[in-house]
Amino acid sequence: MSTPRFADFERILFFTGAGLSAESGIPTYRGKGGLWAEYSYEDYACQRAFLRDPERVWDFHDKRRGMVATCEPNAGHRVIADVQREKPGTAIVTQNIDGLHQRAGASGVVELHGSLWRVRCDREELVRDDTSVPMEPRRCSCGAYWRPDIVWFEDSLKESNLERAHELLEQCDLLVTVGTSAVVYPAAHLPRIAMQCGATTVEINLDDTPVSSLYQHRLRGTASHILASMR
Ligand code: NAD
């Protein structure tokens, strides 16, 4: 089967994971150099840790923000943003929290796991963009700590984001999944929804994943290289 070309589709859905940003120098989640090999999420990335010691959780997130702020979108992010510019029916659903799609020029990105660059006050139910490094002040004017607007371990995904992702999967004519290990919901279910609705499905990854066999096209290599080959 020949590699699908973006030019042959109108409603392309890119579903992206940490592997897309690996070439920007941001470590992936699992595997060598992975963040959670070094830090335990129970101490830094769950609501329980935040309630126990917000300063420690913020120190960790400041470090992540500082690291990501020095990274640039890579050629893979740029191909995706270019395709979206050329084809207005293109959508992006990401598990990444780094904001690199937007920095490459993409818009309307559905951030399933939130963003490093938004904070929220749960007491006042406020959300705001914040790109300061370190994030200051750490407390909202009401006195409560701002919390990173990220889906931490043990949190639920936002219902409206999930609904939007489902809608986009049902409507797309090409699903391109890029750089996700696809071991957790919803990543593991996405190709099924798109396929049931008649879409062509492509998985781009360095290696096979537990759901690779569901895809019609399994393209192996770095995200930037394979995405460029689909132009
Ligand atoms: P993951 O680390 O579980 O899997 C990454 C996948 O990308 C692997 O299957 C790997 O083979 C593949 N990969 C690595 N380098 C690649 C490359 N250059 N080209 C193509 N594929 C490559 O990541 P995940 O499935 O996204 O799940 C991780 C979770 O952690 C997500 O929920 C995400 O929110 C979070 N996370 C985000 C970032 C980020 O924002 N950049 C980074 C790390 C983790």
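What you are looking at is a predicted structure, and each value in this text was computed from that prediction instead of being measured. (Residues numbered from 1 in each chain as written. Predicted model: local features only at pLDDT ≥ 70, side-chain atom pairs only at ≥ 80, totals over all residues. Heavy atoms only, no water.)

Across the two faces of strand β9 (residues 217-220) the burial differs, with H217 and L219 buried and R218 and R220 not buried at all. As defined by bridge partners, strand β8 (residues 200-205) adjoins β9 across 4 bridges and the pair is classed as parallel. Across the sheet, V202 pairs through a bridge with H217, a residue of β9. (Buried < 20%, exposed > 50% of the residue type's maximum accessible area, 1.4 Å probe, protein only. Helix = DSSP H or I, 4+ residues; strand = E, 2+ residues; numbered from the N terminus. Pairing = 2+ DSSP bridges.)

So, on to the environment of S107. Note on placement: S107 falls in the loop between α7 (100-103) and β3 (110-111). We classify S107 as partly exposed; its relative accessible area is 45%. When the C-alpha atoms of S107 and D173 are compared, they prove to be 19 Å apart, with 66 residues separating the residues in sequence.

Take the layout of surface pockets next. The computed volume of the second largest pocket comes to approximately 270 Å³. In terms of lining, the second largest pocket is formed by 16 residues, of which the most central are R120, D149, V151, K158 and N161. Where the lining of the second largest pocket is concerned, the elements lending two or more residues are β4 (114-121) and β6 (147-150). (1 Å grid on protein atoms, 1.4 Å probe; cavity = no way out; pocket = protein on both sides within 12 Å on 5 of 7 lines; lining within 4 Å. Points joined across faces, edges and corners; volume = space filled by probe spheres on them.)

The next thing to look at is the sheet that holds strand β2 (residues 91-94). Spatially, the 6 strands line up as an open sheet ordered β3-β2-β1-β7-β8-β9, and their pairing is parallel. Each of the sheet's edge strands pairs with one partner strand only, and the pair in question is β3 and β9. Relative to strand β7 (residues 174-178), strand β1 (residues 12-16) is paired through 5 bridges, and the arrangement is parallel. In the sheet register, L13 faces β7, and the bridge partner there is L175. Most of the contacts of helix α6 (residues 75-86) go to β1, to which it runs at about 155°, and overall it touches β1 and β2. (Contact = heavy atoms within 4.5 Å. Axes fitted to C-alpha atoms, helices over the stretch in contact; angles between N-to-C directions.)

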